[in-house]
Amino acid sequence: MSNRLIDLQHITKAFDGTVVLDDFNLYIRENEFLTLLGPSGCGKTTTLRILGGFETPDQGKVIFDGQDITSLAPNKRQLNTVFQKYALFTHMSVAENIAFGLRIRKKSEDYIREKIRYALKLVNLEGYEERTPDSLSGGQQQRIAIARAIVNEPKVLLLDEPLGALDLKLRQDMQYELIRLKNELGITFIYVTHDQEEALTMSDTIVVMNQGYIQQVGTPEDIYNEPQNAFVADFIGDSNLIDGTMIQDQLVEIFGVKFACVDTGFGTNKPVDVVIRPEDLELFAVPEGEDTQSSAYQEAVRSAERLNPGYFEGTVSHVIFKGMHYEMEVMAHGFEWLVLSTRMFQVGTKVLMSVDPFNIQIMKKPESEDEKAVGLEEM
Amino acid sequence: MRKLRKLWLDGPYLVWMAAFIIIPLFTIVYYGLTDKSGAFTWNNILEMGTPERMKALLLSLILSLIATAFCLVMAYPLALILTGMKGGATAFIVSIFIIPMWMNSLLRILAWQTLLERNGVINQILGMLHLPKLYIINTPYAIALGMIYDFLPFMILPIYNSLQKIDPNVVNAAYDLGANKFQTFWKVIFPLTLPGVISGITMVFVPALTTFVISSFLGGSKILLIGNVIEQQFTQVGDWNVGSGLSLVLMVFILISMAVMQHYDKAADEETTKL
């Protein structure tokens, strides 16, 4: 991949004694779509505001293209921001909003007119020049905010939860729009959101944050398939997060049942966090009233064991039809397992539940509560 | 049914409007355009033409314009400072400016009279400090000072309110797009507060133009504003027709200044979009 464009080094920021970012380190590559993802209060917006120049870190440095810009004023930075709730100038027309940055830079009127046309075309709002922001829908205002930022040809576009105020359908459309824009412009996007689906859809790199610390940095696939700790596993997608014991390499015990897995290097008899995605759990029905010696039962056991020597016995307790699949809850060993399957099992069905060793994700347990938030170094 | 409910809800307001706005207005127009026998005449209006009354009207206009300008220049920076402050401190300072408004206006002007008198509090203090004394009581300066003091809060509040309504990110967006503080203020902040500025100007200019209390307490009996002239017609001369005629003329002046203001409001709006 290309060069580091932005380097955040040892950034610390506190508001009224509350530490929001603690020794935060991150680099951002050129032409990357990087998403800062985390629950509210995790420090993602503060990170963006430090990049934009609206906050100054208490400690640490912001290096942009080799230059220290930590205390450079926002109007001197080569990046532009698309703000939450758009922040358009309501006393100006759409064209005037887009022209704002160009007029400040004293560009010629011909150049400005050309740029406005180009930007409106890019965001699919041709012919909207003379409209006022108030007369536009949320999605249209959002596009104008993006157009207003990109006409200045920034090297980096900062986007602060730009789709937060839009309804679901529009949000999905805008996600594709943003990916297209990013590819057409060929610039770096830094995107802040608390919506994990948005992050997975659009990003090249996701930075999962919690309580001012980076939890994991990686591609959407990495983050989803190989969460490094319980927080990431819990935050990204639905998952079954349980306590387990690593008996030895490639063998984990969950609720007293030994499962084969592929993870190594956790030591022997070590408590671990185990994540199993709901779509990875496989169910095998046990016919009603059959005892454990019956051939039907044995058949189910063989099916389960083909997948993994370990399996649970449980009962389906809830079924919801979700269109593409069924979302089910299976009660086994006193734990409600979330299972996604295209096959439907009636409530009350006795099932055997198993999982491919490859789909069991083992994570180190934090040694103390505090360590849940411990920052992990860059990938 | 719905019609009945509507009438029931609207009724009180209609009665109010008729009793306290429309009928009084028509009464003034009637008195203003008739003589004592009830016959139609323009004479009451033309009464404004005497040199003494024209002088009073001109002085009223000048003083209220000066007071409005001073209020605007003082109120805007203060409103900006208040907007920049956090939480409790703002509420405290805003209430400091509002609390005097709860006190009787007459009392406050009377207090200024005591302060400004030839041997009043201010001059006694200046005397003790061996500084030159201030002789502005019974001059237009004192009247302007009284107007500024009395009406300043009416300028601060609407401007402060309109500043408060600006999303901080709109200001940040201006910086983000390369504007410096000066450009951000003139191209974004000020245009967005224009409605507040206009209503502040209106709320200072109109009462200043029509006041007679401030001028009679701080201007002595020698300086007459148009408010005093009209007041005298009713209370001393007892000629309701001329008094009504004069106040109609004043009303026309206020309407004209409102129209001018509206015009500038729109022009400024168009101006800023053309920036």
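The structure displayed is predicted, hence computed values, not measured ones.

Criteria and thresholds
- Residues numbered from 1 in each chain as written.
- Chains lettered and ligands numbered in written order.
- Predicted model: local features only at pLDDT ≥ 70, side-chain atom pairs only at ≥ 80, totals over all residues.
- Heavy atoms only, no water.
- Helix = DSSP H or I, 4+ residues; strand = E, 2+ residues; numbered from the N terminus.
- Buried < 20%, exposed > 50% of the residue type's maximum accessible area, 1.4 Å probe, protein only.
- Contact = heavy atoms within 4.5 Å.
- Lys, Arg positive; Asp, Glu negative; His and termini not counted.
- Charge placed at Lys NZ, Arg CZ, Asp CG, Glu CD.
- Domains from an automatic or database assignment.
- Buried area = accessible area lost by both parts, 1.4 Å probe.
- Salt bridge = Lys/Arg side-chain N within 4 Å of Asp/Glu carboxyl O.
- Polar contact = N/O pair within 3.5 Å; in protein donor to acceptor, adjacent residues only side chain to side chain.
- Expected span 1.5 Å × (residues − 1).
- Arc of directions from axis to C-beta.
- Axes fitted to C-alpha atoms, helices over the stretch in contact; angles between N-to-C directions.
- Parallel < 35°, antiparallel > 145°, perpendicular 65-115°, else oblique.
- Nonpolar A, V, L, I, M, F, W, Y, C, P; charged D, E, K, R; others polar.
- Phe/Tyr/Trp six-rings, centres within 6.5 Å; stacked < 30°, edge-to-face > 60°.
- pLDDT = per-residue confidence, 0-100.
- Core = buried A, V, L, I, M, F, W, Y, C linked by side-chain atoms within 4.5 Å.
- Pairing = 2+ DSSP bridges.
- Patch = residues over 30% accessible without salt bridge, like charges linked within 9 Å, V, L, I, M, F, W, Y side chains within 5 Å.
- Areas by Shrake-Rupley, 256 points an atom, 1.4 Å probe, with all protein chains shown as cover.

Right, let's talk about the overall build of chain B for a bit. From N to C terminus, chain B includes twelve helices and zero strands. Each principal axis of the C-alpha distribution contributes one length, and for chain B these read about 75 × 70 × 40 Å. Burial status across chain B gives 40% buried among its 275 residues. Within chain B, contacts between residues separated by at least 24 positions form 69% of all contacts whose residues are at least 6 apart in sequence. One finds the centroid of the 17 positive side-chain charges in chain B at a distance of 5 Å from the centroid of its 14 negative side-chain charges.

Okay, the domain arrangement of chain A next. Residue and element names in this part refer to chain A. Assigned domains of chain A: these are domain 1 (4-230) and domain 2 (238-364). Relative placement of domain 1 and domain 2: their C-alpha centres are 41 Å apart. Taken together, the contact pairs eight residues of domain 1 with six residues of domain 2. Carbon and sulfur atoms make up 46% of the area that domain 1 and domain 2 hide from each other, which totals about 630 Å². Its largest share of buried area at the contact with domain 2, domain 1 owes to Tyr224, Pro227 and Ala230, together 71% of the area lost on that side. The tally of links between domain 1 and domain 2 comes to zero salt bridges. Counting across the interface, domain 1 meets domain 2 through three residue pairs in polar contact (both at pLDDT 80 or more).

What follows covers helix H9 (residues 295-307) of chain A. Residues and elements named next belong to chain A. Taking 1.5 Å of rise per residue, 13 residues should cover 18 Å, and H9 covers 19 Å from first to last C-alpha, within 8% of that figure. Inspection of H9 places Tyr297, Ala300, Val301, Ser303 and Ala304 among the buried residues, and these make up the whole buried set. In a view along the axis of H9, the buried residues occupy a sector of 160 degrees, so they form one face of it. Opposite the packed face of H9, turned more than 90 degrees from it, sit the exposed residues Ser295 and Arg306.

Below, the discussion takes up the packing of helix H5 (residues 105-116) of chain B against helix H6 (residues 121-128) of chain B. Residues and elements named next belong to chain B. Running from N to C, H5 and H6 point in directions that differ by 30 degrees, and their axes come no closer than 4 Å. What the angle tells us is that H5 and H6 run roughly parallel. Contacts between H5 and H6 involve Trp112, Thr114, Leu115 and Leu116 on the former and, on the latter, Val121, Ile122 and Asn123. Partitioned by chemical class, the residues of the contact of H5 with H6 number five nonpolar, two polar and no charged.

All names here are of chain B. Per the counting criterion, the structure on display carries 24 aromatic pairs over all chains. Note on Phe151 and Phe154: the rings are 6.5 Å apart at their centroids and 50 degrees apart in plane angle, and the pair reads as tilted. Pair noted here: Phe151 and Phe154 are both in helix H7 (residues 140-164), with a separation of three residues, about one helical turn. When its relative accessible area of 8% is taken as the criterion, Phe151 is described as buried.

On to the confidence of the model for chain B. With 95% of its residues at a pLDDT of 70 or more, chain B shows a mean pLDDT of 87. Predicted as a complex, the structure gets a pTM of 0.79 and an ipTM equal to 0.79.

Residue and element names in this part refer to chain A. The full count for this structure, using the stated rule, is 26 salt bridges over all chains. The shortest N-O distance in the salt bridge between Lys115 and Glu153 comes to 2.6 Å. With Lys115 in helix H3 (residues 109-122) and Glu153 in the loop between helix H4 (138-150) and strand S7 (156-160), this residue pair connects regions lying 38 residues apart in the sequence. Overall, the relative accessible area of 53% leaves Glu153 in the exposed class. Salt-bridge contacts for Glu177 lead to Arg180; the nearest nitrogen and oxygen are separated by 3.4 Å. In this pair, Glu177 and Arg180 both sit in helix H5 (residues 168-185), three residues apart, roughly one turn of the helix.

The next subject is the confidence of the model for chain A. With 96% of its residues at a pLDDT of 70 or more, chain A shows a mean pLDDT of 90. Every residue in residues 369-379 of chain A is under pLDDT 50, and counting partners more than four places away or in other chains gives 24 contacts.

Glancing now at unusual backbone geometry. One non-glycine residue, A:Asp23, adopts positive backbone phi at about 45 degrees. Mapped onto the elements of the fold, A:Asp23 is located in strand S2 (residues 18-29). You can call A:Asp23 partly exposed: its relative accessible area is 41%. The backbone of B:Asn138 sits at a positive phi, close to 65 degrees, despite the residue not being glycine. The topology assignment puts B:Asn138 in the loop between H6 and H7. Residue B:Asn138 is classed as partly exposed on the basis of its relative accessible area of 39%.

Our focus in this paragraph is the nonpolar core. Where a protein is soluble and globular, its nonpolar side chains tend to be buried together. Residues A:Phe89, A:Phe100, B:Met147 and B:Ile159 are the most contacted members of the largest nonpolar core, which totals 55 residues. The set of elements that each furnish at least two residues to this core consists of helix H2 (94-104) of chain A together with helix H3 (51-84), H5, H7, helix H8 (168-176), helix H9 (181-210) and helix H10 (213-218) of chain B. The element contributing the most residues to this core is H7(B), with twelve residues. Look past the residues within four positions of A:Phe89 in its chain and what remains in contact with it is A:Asn97, A:Phe100, A:Pro133, A:Arg148, B:Val170, B:Ala173, B:Ala174, B:Leu177 and B:Val188. Of all hydrophobic cores here, the second largest spans 35 residues; its members include A:Val82, A:Leu102, A:Ile112 and A:Ile116.

A separate point is the sheet that holds strand S3 (residues 33-37) of chain A. All names here are of chain A. An order of S6-S7-S8-S3-S9-S10 is seen for the six strands of this open sheet, with the pairing classed as mixed. What marks the edges here is a single partner per strand, and that holds for strand S6 (79-82) and strand S10 (213-218). In this sheet, neighbouring strand axes are inclined to one another by 20 degrees on average, regardless of whether the strands run parallel or antiparallel. Relative to S6, H4 is tilted by about 170 degrees, and along the sheet it contacts S6 and S7.

Time to look at the interface of chain B and chain A. At the junction of the two partners, chain B supplies 22 residues and chain A supplies 25 residues. Summing the contributions of chain B and of chain A, the shared interface buries around 2,000 Å²; its carbon and sulfur component is 59%. Summed over the shared surface of chain B and chain A, the result is zero salt bridges. Mapped onto the side of chain B that touches chain A, the elements with two or more residues apiece are H8, H9 and helix H12 (240-274) of chain B. For the side of chain B that touches chain A, the leading source of residues is H8(B), giving seven residues. Partitioning the side of chain B that touches chain A into residue classes produces ten nonpolar, seven polar and five charged.

A contiguous nonpolar patch, built from B:Leu14, B:Trp16, B:Met17, B:Phe20, B:Ile21, B:Ile22 and B:Phe26 and spanning about 780 Å² of accessible area, is present on the exposed surface. Assignment of secondary structure puts B:Ile21 in helix H1 (residues 2-32).

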